[in-house]
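Each chain is listed here by its residues.
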Amino acid sequence: MLAIFENMIAKPPEELRLPSVGLKSSLKTRQEVAEIYRSLRPESVVYNLANGNFMALSHEDESPLHPRCIFVMEDIFCIFTGALENTCDLRRYYGLSRQATDAVVVVEAYKVLRDRAPSPPDQVIRDLQGKFAFLLFDAKSGTLFAARDREGSAGFQWGLAGDGSLVCSDDSNIVRETCGKSCAPFPPGCIFMNGTGLMSFDHPLHKVRAIVREDDDGNISDVIFQVDLYTRLHSIRRTGSTANWSDVALVEGD
């Protein structure tokens, strides 16, 4: 699977850019990334979104343990890889039919939070059990939402293209080819939302920090993200049913 979103929508962490500072000319634009993916996966299901944004799914080299699916409903696009272990319980909770796939469950959970629930996204993602990664885009509100399971069992990489676009895929080779060193594994047990940023759904009151690693010459070699259990945030402001998810605010402690 592959998803590309312009910087105005995604606003990915700036730390992703650090390893390739000064090498921007060698990186790909989101249009070039899309063309590379199409050439490598010509059988893919492709969704061309506004402003050159792009989502695609291929079943090539798909693992039986981490199947991929895509679901679209009411201008909400969701790519899901992996499998939930408590799908039956979640179907009953959200009032879904027995035919509802894991991607349908994720979309329904998003809609409930967006439209009715006063709780932040970490509370609902915490209820998802299994090995999974997903990326959801609500075209009407411009909301981008991504998550990965606690153990990082399902492959999920993200990086920055040469034009600052966010590139997400379960194929690390494609991300490295198009983003150079400006890429990293999406941190396990975390969620990312534009406007809110990166946070842990198991430890929402602790900051997710970027750790920069250097080579022997002192050059930045890569960046990883992990939860800092020693830094506690004061609070997460709960939002009402009329507020957008992007209104959830994190305030770092002293």
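What counts and what doesn't
- Residues numbered from 1 in each chain as written.
- Predicted model: local features only at pLDDT ≥ 70, side-chain atom pairs only at ≥ 80, totals over all residues.
- Heavy atoms only, no water.
- Axes fitted to C-alpha atoms, helices over the stretch in contact; angles between N-to-C directions.
- Helix = DSSP H or I, 4+ residues; strand = E, 2+ residues; numbered from the N terminus.
- Parallel < 35°, antiparallel > 145°, perpendicular 65-115°, else oblique.
- Left-handed = near helix turned anticlockwise from the far one by under 90°.
- Contact = heavy atoms within 4.5 Å.
- Nonpolar A, V, L, I, M, F, W, Y, C, P; charged D, E, K, R; others polar.
- Buried < 20%, exposed > 50% of the residue type's maximum accessible area, 1.4 Å probe, protein only.
- Pairing = 2+ DSSP bridges.
- Salt bridge = Lys/Arg side-chain N within 4 Å of Asp/Glu carboxyl O.
- Patch = residues over 30% accessible without salt bridge, like charges linked within 9 Å, V, L, I, M, F, W, Y side chains within 5 Å.
- Areas by Shrake-Rupley, 256 points an atom, 1.4 Å probe, with all protein chains shown as cover.
- Lys, Arg positive; Asp, Glu negative; His and termini not counted.
- Charge placed at Lys NZ, Arg CZ, Asp CG, Glu CD.
- Phe/Tyr/Trp six-rings, centres within 6.5 Å; stacked < 30°, edge-to-face > 60°.
- Core = buried A, V, L, I, M, F, W, Y, C linked by side-chain atoms within 4.5 Å.

**Quick look at the packing of helix H3 (residues 87-94) against helix H4 (residues 102-115)**
So, point 1. Between H3 and H4, the least distance of the axes is 10 Å, while the angle of their chain directions is 40 degrees. It follows from the interaxial angle that H3 and H4 lie oblique. Considering the relative orientation of H3 and H4, their crossing is left-handed. On H4, the residues that touch Thr-87, Leu-90, Arg-91 and Tyr-94 of H3 are Asp-102, Val-105, Glu-108, Ala-109 and Val-112.
So, point 2. Residues of the contact of H3 with H4, tallied by class, amount to 5 nonpolar, 1 polar and 3 charged.

**Let's talk about the side chain of Ser-169**
So, point 1. Note on placement: Ser-169 falls in strand S9 (residues 166-169).
So, point 2. Classification of Ser-169 by relative accessible area gives buried; the value is 0%.
So, point 3. Not counting chain neighbours up to four residues away, the residues in contact with Ser-169 comprise Met-1, Leu-2, Phe-156, Gln-157 and Val-175.

**Considerations on the pairing of strand S5 (residues 76-84)**
As a general feature of sheets, a regular strand has side chains that alternate between the two faces.
So, point 1. Counting buried residues in S5 gives 8 out of 9 residues, a clear majority hidden from the surface.
So, point 2. The pairing of strand S4 (residues 68-73) with S5 spans 6 bridges and is antiparallel. From the neighbouring strand, Val-72 faces S5, where its bridge partner is Phe-77.
So, point 3. Between S4 and S5, which pair antiparallel one after the other, the connecting turn spans 2 residues, and Glu-74 there sits at a positive phi close to 55 degrees.
So, point 4. The sheet contact formed by S5 and strand S6 (residues 130-138) spans 9 bridges and is antiparallel. By the bridge assignment, Phe-80 is partnered in S6 with Phe-134.

**Quick notes on the pattern of salt bridges**
So, point 1. For the structure on display, the rule yields 13 salt bridges.
So, point 2. For Asp-122, the salt bridge is made with Arg-126, and the minimal N-O distance between the two is 2.5 Å.
So, point 3. Accessibility expressed as a relative area gives 34% for Arg-126, which makes it partly exposed.
So, point 4. Salt bridges here are not isolated pairs; linked through shared partners, they connect Glu-6, Arg-30 and Asp-163.

**Observations concerning a negative patch on the surface**
So, point 1. A cluster of like negative charges, contributed by Glu-214, Asp-215, Asp-216 and Asp-217, occupies part of the molecular surface.
So, point 2. Within the secondary structure layout, Asp-215 lies in the loop between strand S13 (206-214) and strand S14 (220-236).
So, point 3. Accessibility expressed as a relative area gives 31% for Asp-215, which makes it partly exposed.

**With respect to the sheet that holds strand S3 (residues 54-57)**
So, point 1. Within the open sheet, the 6 strands sit side by side as S2-S3-S1-S9-S8-S10. Their pairing is antiparallel. Looking at the sheet topology across the chains shown, the edges are occupied by strand S2 (45-48) and strand S10 (183-185). Pairs of neighbouring strands in the sheet enclose a mean axial angle of 10 degrees, with direction left out of account.
So, point 2. Of the pairings in the sheet, the one linking strand S1 (residues 2-5) to S3 comprises 3 bridges and is antiparallel in character. For Leu-2, the partnering residue across the bridge sits in S3 and is Ala-56.

**A short note on the packing of aromatic side chains**
Given two aromatic rings, their pairing is described by the distance between the two centres and the angle made by the two planes.
So, point 1. Overall, the coordinates contain 11 aromatic pairs when judged by the stated rule.
So, point 2. A centroid spacing of 5.5 Å and a plane angle of 70 degrees characterise the contact between Trp-158 and Phe-192, whose relative ring orientation is edge-to-face. With Trp-158 in strand S8 (residues 157-160) and Phe-192 in strand S11 (residues 190-193), this residue pair connects regions lying 34 residues apart in the sequence. The burial state of Trp-158 is the same as that of Phe-192; both residues are buried.
So, point 3. Members of the aromatic cluster, connected to one another through ring pairs, are Phe-156, Trp-158, Phe-186, Phe-192 and Phe-225.

**Section: the pairing of S2**
So, point 1. Summarising the sheet, S2 and S3 pair through 4 bridges and their orientation is antiparallel. Looking across to S3, one finds that Tyr-47 is bridged to Met-55.

**A word on the packing of helix H2 (residues 30-40) against helix H6 (residues 172-179)**
So, point 1. The contact between H2 and H6 brings their axes to 10 Å, and the two run at 145 degrees. Crossing angle aside, the handedness with which H2 passes H6 is right-handed. Here Val-33, Ile-36, Tyr-37 and Leu-40 of H2 lie close against H6, whose contacting residues are Ile-174, Glu-177 and Thr-178.
So, point 2. For the contact of H2 with H6, the per-class residue count stands at 5 nonpolar, 1 polar and 1 charged.

**Some words on the nonpolar core**
So, point 1. Residues Phe-5, Met-55, Leu-135, Leu-144 and Trp-158 are the most contacted members of the largest nonpolar core, which totals 30 residues.
So, point 2. Top element by residues in this core is S6. It accounts for 3 residues.
So, point 3. Within the second largest apolar cluster, 26 residues are counted, among which are Leu-84, Tyr-110, Ile-125 and Phe-145.

By themselves, these observations are geometric and do not establish any function.
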